[in-house]
Amino acid sequence: MSDLLLSDKNAVIYGGGGAFGGAIAKVFAREGARVFLAGRTQAKLDAVADAIAATGGKAETALVDVFDQEAVDKHAEAVAATAGSIDIALNAVSVMHDQGTMLADLSLEEFMRPIDGFLRTLFLTSKAVARHMGHERPGVILTLSEPGSKLAIPGILGHSVSAAGKEAFTRGLAAELAPHNIRVVGIRPHAVVDGPAAGSYTGELFRPMAAASGQSVQEMLEDEAGLAQGTLLKRLPTLAEVAETAAFLASDRAGAMTGAIANLSAGALVD
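Residues numbered from 1 in each chain as written. Predicted model: local features only at pLDDT ≥ 70, side-chain atom pairs only at ≥ 80, totals over all residues. Heavy atoms only, no water.

**Observations regarding the sheet that holds strand E2 (residues 34-39)**
Part 1 of the argument: Ordered in space as E3-E2-E1-E4-E5-E6-E7, the seven strands form an open sheet in which the pairing is parallel. Edge positions in the sheet fall to strand E3 (58-63) and strand E7 (260-264), since each of these pairs with one other strand and no more. Strand-to-strand, the axes of this sheet are offset by a mean angle of 20°, without reference to chain direction.
Part 2 of the argument: Strand direction decides the pairing type here: strand E6 (residues 182-189) and E7, joined by five bridges, are parallel. Within E7, the position partnered with Gly186 by the bridge is Ile261.
Part 3 of the argument: Packed on one face of the sheet, helix H3 (residues 69-83) meets strand E1 (10-14), E2 and E3 and runs near 160° to E1. (Pairing = 2+ DSSP bridges. Helix = DSSP H or I, 4+ residues; strand = E, 2+ residues; numbered from the N terminus. Axes fitted to C-alpha atoms, helices over the stretch in contact; angles between N-to-C directions. Contact = heavy atoms within 4.5 Å.)

**Looking at the side chain of Asp73**
Part 1 of the argument: Tracing the chain through its elements places Asp73 in helix H3.
Part 2 of the argument: In this structure, Asp73 is in contact with Ala128 and Arg131, ignoring residues within four places of it in sequence.

**Thoughts on the pairing of E3**
The two faces of the sheet receive side chains in turn, since in a regular strand these alternate between them.
Part 1 of the argument: Where E2 lies against E3, six bridges are found, and the strand directions are parallel. Pairing of Phe36 across the sheet is with Glu60, part of E3.
Part 2 of the argument: Following the backbone out of E2, through helix H2 (residues 42-54) and into the adjacent parallel E3, one traces a crossover that is right-handed. (Right-handed = clockwise from strand over helix to strand, strands pointing away.)

**Side note on the nonpolar core**
Part 1 of the argument: Ranked by internal contacts, the top residues of the largest apolar core, which has 37 residues, are Leu6, Ile13, Ile24, Phe28, Val35, Leu37 and Leu142.
Part 2 of the argument: With eight residues, helix H1 (residues 19-30) is the largest single contributor of residues to this core. (Core = buried A, V, L, I, M, F, W, Y, C linked by side-chain atoms within 4.5 Å. Buried < 20%, exposed > 50% of the residue type's maximum accessible area, 1.4 Å probe, protein only.)

**Points about a nonpolar patch on the surface**
Part 1 of the argument: On the surface, Leu232, Leu233 and Leu269 cluster together to form a nonpolar patch covering roughly 330 Å² of accessible area.
Part 2 of the argument: Inspection of the secondary structure assignment puts Leu233 in the loop between helix H7 (217-222) and helix H8 (239-250). (Patch = residues over 30% accessible without salt bridge, like charges linked within 9 Å, V, L, I, M, F, W, Y side chains within 5 Å. Areas by Shrake-Rupley, 256 points an atom, 1.4 Å probe, with all protein chains shown as cover. Salt bridge = Lys/Arg side-chain N within 4 Å of Asp/Glu carboxyl O.)

**So, helix H6 (residues 202-212)**
Part 1 of the argument: Listed as buried for H6 are Thr202, Gly203, Leu205, Phe206 and Ala210. Projected down its long axis, H6 shows its buried positions confined to an angular sector of 150°, all on one face. For H6, the exposed residues lying more than 90 degrees away from the buried face are Glu204, Pro208, Ala211 and Ala212.
Part 2 of the argument: Tucked inside the fold, the buried residues of H6 contact H7.
Part 3 of the argument: Just past H6, the residue Gly214 takes up positive phi, approximately 75°. (Arc of directions from axis to C-beta.)

**So, the environment of Phe36**
Part 1 of the argument: Inspection of the secondary structure puts Phe36 in strand E2.
Part 2 of the argument: Residue Phe36 is classed as buried on the basis of its relative accessible area, which comes to 4%.
Part 3 of the argument: Separated by 193 residues in sequence, Phe36 and Gln229 have C-alpha atoms that sit 37 Å apart.

**Quick look at the pattern of salt bridges**
Part 1 of the argument: Following the criterion strictly, the structure yields twelve salt bridges and no others.
Part 2 of the argument: With a closest N to O distance of 2.8 Å, Arg120 and Asp116 form a salt bridge. Taken together, the positions of Arg120 and Asp116, both in helix H4 (residues 108-130) and four residues apart, correspond to about one turn of that helix.
Part 3 of the argument: Judged by its relative accessible area of 40%, Arg120 falls in the partly exposed class.
Part 4 of the argument: Look at the salt bridges and you will find they share partners, linking Arg30, Glu31 and Glu244 into a network.

**What to know about the packing of H3 against H4**
Part 1 of the argument: In the contact formed by H3 and H4, the axes pass within 9 Å of each other and the chain directions differ by 30°. In terms of axis orientation, H3 runs roughly parallel to H4. The element H3 and its partner H4 pack so that their crossing is right-handed. On H4, the residues that touch Gln69, Val72, Asp73 and Ala76 of H3 are Leu124, Thr125, Lys127, Ala128 and Val129.
Part 2 of the argument: Considering only residue class, the contact of H3 with H4 consists of five nonpolar, two polar and two charged. (Parallel < 35°, antiparallel > 145°, perpendicular 65-115°, else oblique. Left-handed = near helix turned anticlockwise from the far one by under 90°. Nonpolar A, V, L, I, M, F, W, Y, C, P; charged D, E, K, R; others polar.)

**Looking at H1**
Part 1 of the argument: Its twelve residues place the ends of H1 17 Å apart at the C-alpha level, agreeing with the 16 Å of an ideal helix rising 1.5 Å per residue.
Part 2 of the argument: Among the twelve residues in H1, ten count as buried, and that is most of the element.
Part 3 of the argument: Taken residue by residue, H1 has Ala19, Phe20, Gly21, Gly22, Ala23, Ile24, Ala25, Val27, Phe28 and Ala29 as its buried positions.
Part 4 of the argument: Of the residues flanking the end of H1, it is Gly32, one or two places downstream, whose phi is positive at about 105°. (Expected span 1.5 Å × (residues − 1).)

**Brief notes about empty space enclosed by the protein**
Part 1 of the argument: Counting across every chain of the model gives two cavities of 30 Å³ or more.
Part 2 of the argument: Volume-wise, the largest cavity comes out at about 40 Å³.
Part 3 of the argument: Tyr14, Ala89, Leu90, Asn91, Leu122, Thr125, Ser126, Val129, Ile141 and Leu142 are the residues that line the largest cavity.
Part 4 of the argument: Of all the elements in the fold, those that place two or more residues in the lining of the largest cavity are strand E4 (88-91), H4 and strand E5 (139-144).
Part 5 of the argument: Among the residues forming the lining of the largest cavity, the class breakdown is seven nonpolar, three polar and no charged.
Part 6 of the argument: Put simply, the second largest cavity is a space of about 30 Å³.
Part 7 of the argument: Forming the walls of the second largest cavity are Asp98, Thr101, Leu106, Glu110, Phe111, Pro114, Gly155, Ile156, Leu157, Gly158 and His159. (1 Å grid on protein atoms, 1.4 Å probe; cavity = no way out; pocket = protein on both sides within 12 Å on 5 of 7 lines; lining within 4 Å. Points joined across faces, edges and corners; volume = space filled by probe spheres on them.)

The following block contains the structure:
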(Lines give C-alpha, C1' and ligand atoms only; values in the text may rest on other atoms or scores of the structure.)
Protein backbone atom coordinates (compact mmCIF):
# COMPACT_ATOMS: atom_id res chain seq x y z
CA MET A 1 0.00 0.00 0.00
CA SER A 2 1.37 3.41 -1.02
CA ASP A 3 2.15 6.01 1.64
CA LEU A 4 1.43 8.77 -0.87
CA LEU A 5 -1.65 10.83 -0.09
CA LEU A 6 -2.98 10.94 -3.64
CA SER A 7 -1.72 7.73 -5.21
CA ASP A 8 -3.62 6.88 -8.44
CA LYS A 9 -5.78 10.02 -8.21
CA ASN A 10 -6.54 12.18 -11.25
CA ALA A 11 -6.56 15.91 -10.46
CA VAL A 12 -7.67 18.84 -12.60
CA ILE A 13 -6.34 22.26 -11.62
CA TYR A 14 -7.80 25.32 -13.27
CA GLY A 15 -5.35 28.19 -13.16
CA GLY A 16 -2.63 25.56 -13.00
CA GLY A 17 0.06 27.91 -14.26
CA GLY A 18 -0.46 30.48 -11.51
CA ALA A 19 1.19 30.84 -8.13
CA PHE A 20 -1.48 28.96 -6.17
CA GLY A 21 -2.38 26.46 -8.87
CA GLY A 22 1.24 25.68 -9.65
CA ALA A 23 2.27 25.22 -6.02
CA ILE A 24 -0.68 22.92 -5.34
CA ALA A 25 -0.14 20.98 -8.56
CA LYS A 26 3.45 20.22 -7.61
CA VAL A 27 2.44 18.86 -4.21
CA PHE A 28 -0.41 16.85 -5.73
CA ALA A 29 2.04 15.28 -8.19
CA ARG A 30 4.57 14.61 -5.44
CA GLU A 31 1.83 12.78 -3.55
CA GLY A 32 1.11 10.50 -6.51
CA ALA A 33 -1.63 12.27 -8.46
CA ARG A 34 -1.74 12.53 -12.22
CA VAL A 35 -2.22 16.26 -12.72
CA PHE A 36 -4.09 17.98 -15.54
CA LEU A 37 -3.22 21.67 -15.71
CA ALA A 38 -5.70 24.02 -17.39
CA GLY A 39 -5.18 27.71 -17.94
CA ARG A 40 -4.81 30.65 -20.30
CA THR A 41 -1.04 30.91 -20.75
CA GLN A 42 0.81 27.95 -22.27
CA ALA A 43 4.26 29.07 -21.13
CA LYS A 44 3.16 29.18 -17.48
CA LEU A 45 1.45 25.80 -17.72
CA ASP A 46 4.55 24.30 -19.35
CA ALA A 47 6.80 25.67 -16.60
CA VAL A 48 4.74 23.91 -13.93
CA ALA A 49 4.48 20.71 -15.97
CA ASP A 50 8.25 20.68 -16.57
CA ALA A 51 8.93 21.15 -12.85
CA ILE A 52 6.62 18.23 -12.07
CA ALA A 53 8.21 16.03 -14.74
CA ALA A 54 11.68 16.86 -13.41
CA THR A 55 10.78 15.23 -10.11
CA GLY A 56 9.22 12.17 -11.72
CA GLY A 57 5.60 13.33 -11.58
CA LYS A 58 2.89 13.23 -14.22
CA ALA A 59 1.37 16.41 -15.62
CA GLU A 60 -0.48 17.33 -18.79
CA THR A 61 -1.50 20.79 -19.96
CA ALA A 62 -4.37 22.33 -21.91
CA LEU A 63 -5.31 25.86 -22.87
CA VAL A 64 -8.80 26.41 -21.48
CA ASP A 65 -10.85 29.59 -21.21
CA VAL A 66 -12.70 29.02 -17.93
CA PHE A 67 -15.32 31.60 -18.90
CA ASP A 68 -16.29 29.44 -21.89
CA GLN A 69 -18.69 26.72 -20.72
CA GLU A 70 -18.30 24.62 -23.86
CA ALA A 71 -14.51 24.70 -23.60
CA VAL A 72 -14.58 23.75 -19.91
CA ASP A 73 -17.01 20.88 -20.57
CA LYS A 74 -14.97 19.53 -23.48
CA HIS A 75 -11.76 19.63 -21.45
CA ALA A 76 -13.34 17.76 -18.52
CA GLU A 77 -14.73 15.13 -20.91
CA ALA A 78 -11.30 14.71 -22.50
CA VAL A 79 -9.59 14.31 -19.13
CA ALA A 80 -12.15 11.74 -17.97
CA ALA A 81 -11.79 9.81 -21.23
CA THR A 82 -8.00 9.83 -21.00
CA ALA A 83 -7.63 9.11 -17.28
CA GLY A 84 -10.80 7.12 -16.68
CA SER A 85 -12.08 9.49 -13.99
CA ILE A 86 -11.67 12.88 -12.37
CA ASP A 87 -11.04 12.45 -8.66
CA ILE A 88 -9.97 15.94 -7.59
CA ALA A 89 -10.63 19.41 -8.95
CA LEU A 90 -9.40 22.80 -7.82
CA ASN A 91 -10.28 26.22 -9.22
CA ALA A 92 -7.30 28.52 -8.65
CA VAL A 93 -8.28 31.03 -11.33
CA SER A 94 -7.58 34.67 -10.49
CA VAL A 95 -9.83 37.61 -11.30
CA MET A 96 -8.34 41.08 -10.91
CA HIS A 97 -10.61 43.32 -8.86
CA ASP A 98 -10.72 46.50 -6.81
CA GLN A 99 -9.70 46.83 -3.20
CA GLY A 100 -9.64 50.18 -1.46
CA THR A 101 -12.41 52.10 -3.26
CA MET A 102 -15.36 53.21 -1.15
CA LEU A 103 -19.00 52.95 -2.23
CA ALA A 104 -19.27 56.59 -3.32
CA ASP A 105 -16.51 56.11 -5.90
CA LEU A 106 -17.08 52.44 -6.73
CA SER A 107 -18.76 51.72 -10.05
CA LEU A 108 -21.25 48.90 -10.53
CA GLU A 109 -18.83 47.25 -12.94
CA GLU A 110 -16.01 47.33 -10.38
CA PHE A 111 -18.30 45.95 -7.69
CA MET A 112 -19.58 43.11 -9.86
CA ARG A 113 -16.26 42.09 -11.46
CA PRO A 114 -15.06 39.70 -8.71
CA ILE A 115 -18.58 38.48 -7.94
CA ASP A 116 -19.35 37.53 -11.52
CA GLY A 117 -15.82 36.46 -12.39
CA PHE A 118 -15.00 34.19 -9.47
CA LEU A 119 -18.46 32.67 -9.09
CA ARG A 120 -18.98 32.16 -12.82
CA THR A 121 -15.74 30.18 -13.17
CA LEU A 122 -16.44 28.24 -9.99
CA PHE A 123 -19.89 27.25 -11.23
CA LEU A 124 -18.68 26.25 -14.70
CA THR A 125 -15.70 24.21 -13.54
CA SER A 126 -17.58 22.48 -10.72
CA LYS A 127 -20.45 21.52 -13.01
CA ALA A 128 -18.05 20.19 -15.64
CA VAL A 129 -16.06 17.94 -13.31
CA ALA A 130 -18.89 16.75 -11.05
CA ARG A 131 -20.44 14.61 -13.78
CA HIS A 132 -17.18 12.66 -14.01
CA MET A 133 -16.69 12.18 -10.26
CA GLY A 134 -17.86 10.11 -7.36
CA HIS A 135 -19.87 6.92 -7.02
CA GLU A 136 -17.36 4.07 -6.60
CA ARG A 137 -14.37 6.49 -6.63
CA PRO A 138 -14.56 9.30 -4.05
CA GLY A 139 -14.48 12.76 -5.60
CA VAL A 140 -13.26 16.03 -4.12
CA ILE A 141 -13.82 19.61 -5.27
CA LEU A 142 -11.63 22.19 -3.54
CA THR A 143 -12.44 25.90 -3.54
CA LEU A 144 -10.37 28.94 -2.57
CA SER A 145 -11.74 31.98 -0.74
CA GLU A 146 -10.37 34.78 1.45
CA PRO A 147 -10.89 36.26 4.94
CA GLY A 148 -12.83 39.04 3.22
CA SER A 149 -15.78 36.67 3.46
CA LYS A 150 -15.92 37.50 7.18
CA LEU A 151 -14.06 40.78 7.64
CA ALA A 152 -15.99 43.99 8.20
CA ILE A 153 -13.56 46.58 6.84
CA PRO A 154 -14.09 49.42 4.37
CA GLY A 155 -13.14 49.41 0.71
CA ILE A 156 -13.61 45.74 -0.16
CA LEU A 157 -17.31 45.48 -1.02
CA GLY A 158 -16.98 43.43 -4.21
CA HIS A 159 -14.17 41.35 -2.78
CA SER A 160 -16.10 40.58 0.42
CA VAL A 161 -19.25 39.57 -1.41
CA SER A 162 -17.37 37.35 -3.86
CA ALA A 163 -15.45 35.63 -1.05
CA ALA A 164 -18.63 35.05 0.94
CA GLY A 165 -20.28 33.74 -2.20
CA LYS A 166 -17.53 31.21 -2.78
CA GLU A 167 -17.93 29.88 0.74
CA ALA A 168 -21.72 29.73 0.44
CA PHE A 169 -21.30 27.92 -2.89
CA THR A 170 -18.99 25.43 -1.20
CA ARG A 171 -21.51 24.58 1.50
CA GLY A 172 -24.47 24.36 -0.87
CA LEU A 173 -22.62 22.25 -3.42
CA ALA A 174 -21.41 19.90 -0.68
CA ALA A 175 -25.04 19.22 0.26
CA GLU A 176 -25.95 18.46 -3.35
CA LEU A 177 -23.01 16.23 -4.16
CA ALA A 178 -22.66 14.26 -0.91
CA PRO A 179 -25.10 11.54 -2.07
CA HIS A 180 -22.81 10.98 -5.07
CA ASN A 181 -19.70 10.38 -2.92
CA ILE A 182 -18.24 13.80 -3.73
CA ARG A 183 -16.84 16.07 -1.03
CA VAL A 184 -16.57 19.85 -1.39
CA VAL A 185 -14.13 21.67 0.88
CA GLY A 186 -13.07 25.31 0.92
CA ILE A 187 -9.67 26.74 1.79
CA ARG A 188 -9.44 30.29 3.15
CA PRO A 189 -5.87 31.60 3.08
CA HIS A 190 -5.04 35.23 3.84
CA ALA A 191 -2.71 37.28 1.65
CA VAL A 192 0.09 34.77 1.03
CA VAL A 193 3.46 36.18 1.93
CA ASP A 194 5.40 34.59 -0.95
CA GLY A 195 2.57 34.79 -3.49
CA PRO A 196 3.70 37.94 -5.37
CA ALA A 197 7.27 36.64 -5.70
CA ALA A 198 5.83 33.48 -7.27
CA GLY A 199 3.86 35.51 -9.81
CA SER A 200 0.51 35.86 -8.06
CA TYR A 201 -1.79 38.62 -9.30
CA THR A 202 -1.87 39.88 -5.71
CA GLY A 203 1.40 41.66 -6.42
CA GLU A 204 -0.47 44.01 -8.75
CA LEU A 205 -3.53 44.03 -6.51
CA PHE A 206 -1.63 45.17 -3.42
CA ARG A 207 0.70 47.64 -5.16
CA PRO A 208 -1.45 50.77 -4.62
CA MET A 209 -1.97 49.89 -0.94
CA ALA A 210 1.76 49.33 -0.45
CA ALA A 211 2.69 52.53 -2.27
CA ALA A 212 0.31 54.52 -0.06
CA SER A 213 2.27 53.33 2.98
CA GLY A 214 5.64 53.98 1.33
CA GLN A 215 6.50 50.28 1.07
CA SER A 216 7.02 47.65 -1.57
CA VAL A 217 4.41 44.91 -1.75
CA GLN A 218 6.82 42.43 -0.20
CA GLU A 219 7.68 44.81 2.64
CA MET A 220 3.98 45.31 3.34
CA LEU A 221 3.37 41.56 3.47
CA GLU A 222 6.36 40.89 5.71
CA ASP A 223 5.74 43.83 8.06
CA GLU A 224 4.35 42.54 11.36
CA ALA A 225 2.63 45.90 11.85
CA GLY A 226 0.80 45.49 8.52
CA LEU A 227 -1.51 42.71 7.32
CA ALA A 228 0.16 40.19 9.61
CA GLN A 229 -0.90 42.21 12.65
CA GLY A 230 -4.49 41.17 12.07
CA THR A 231 -3.67 37.48 12.51
CA LEU A 232 -3.29 35.42 15.66
CA LEU A 233 0.13 34.11 14.59
CA LYS A 234 1.34 37.59 13.58
CA ARG A 235 2.42 36.30 10.21
CA LEU A 236 0.86 35.43 6.87
CA PRO A 237 0.56 31.94 5.39
CA THR A 238 2.89 30.60 2.72
CA LEU A 239 2.19 28.91 -0.59
CA ALA A 240 3.72 25.71 0.77
CA GLU A 241 1.31 25.69 3.72
CA VAL A 242 -1.67 26.16 1.41
CA ALA A 243 -0.46 23.47 -1.00
CA GLU A 244 0.29 20.89 1.70
CA THR A 245 -3.11 21.43 3.29
CA ALA A 246 -4.85 21.15 -0.08
CA ALA A 247 -3.21 17.76 -0.64
CA PHE A 248 -4.41 16.49 2.73
CA LEU A 249 -7.95 17.78 2.20
CA ALA A 250 -8.06 16.14 -1.22
CA SER A 251 -6.93 12.81 0.19
CA ASP A 252 -8.99 9.98 1.62
CA ARG A 253 -7.51 10.79 5.04
CA ALA A 254 -9.84 13.79 5.14
CA GLY A 255 -12.71 11.62 3.93
CA ALA A 256 -15.19 12.72 6.62
CA MET A 257 -14.78 16.43 5.84
CA THR A 258 -17.18 18.24 3.51
CA GLY A 259 -19.12 21.49 3.40
CA ALA A 260 -16.42 23.09 5.57
CA ILE A 261 -13.95 25.94 5.18
CA ALA A 262 -10.37 25.35 6.32
CA ASN A 263 -9.05 28.60 7.78
CA LEU A 264 -5.42 28.99 6.64
CA SER A 265 -5.27 32.71 7.34
CA ALA A 266 -2.81 32.29 10.24
CA GLY A 267 -5.78 33.18 12.43
CA ALA A 268 -7.03 36.35 10.76
CA LEU A 269 -9.27 38.02 13.31
CA VAL A 270 -12.78 37.74 11.88
CA ASP A 271 -16.27 38.08 13.28
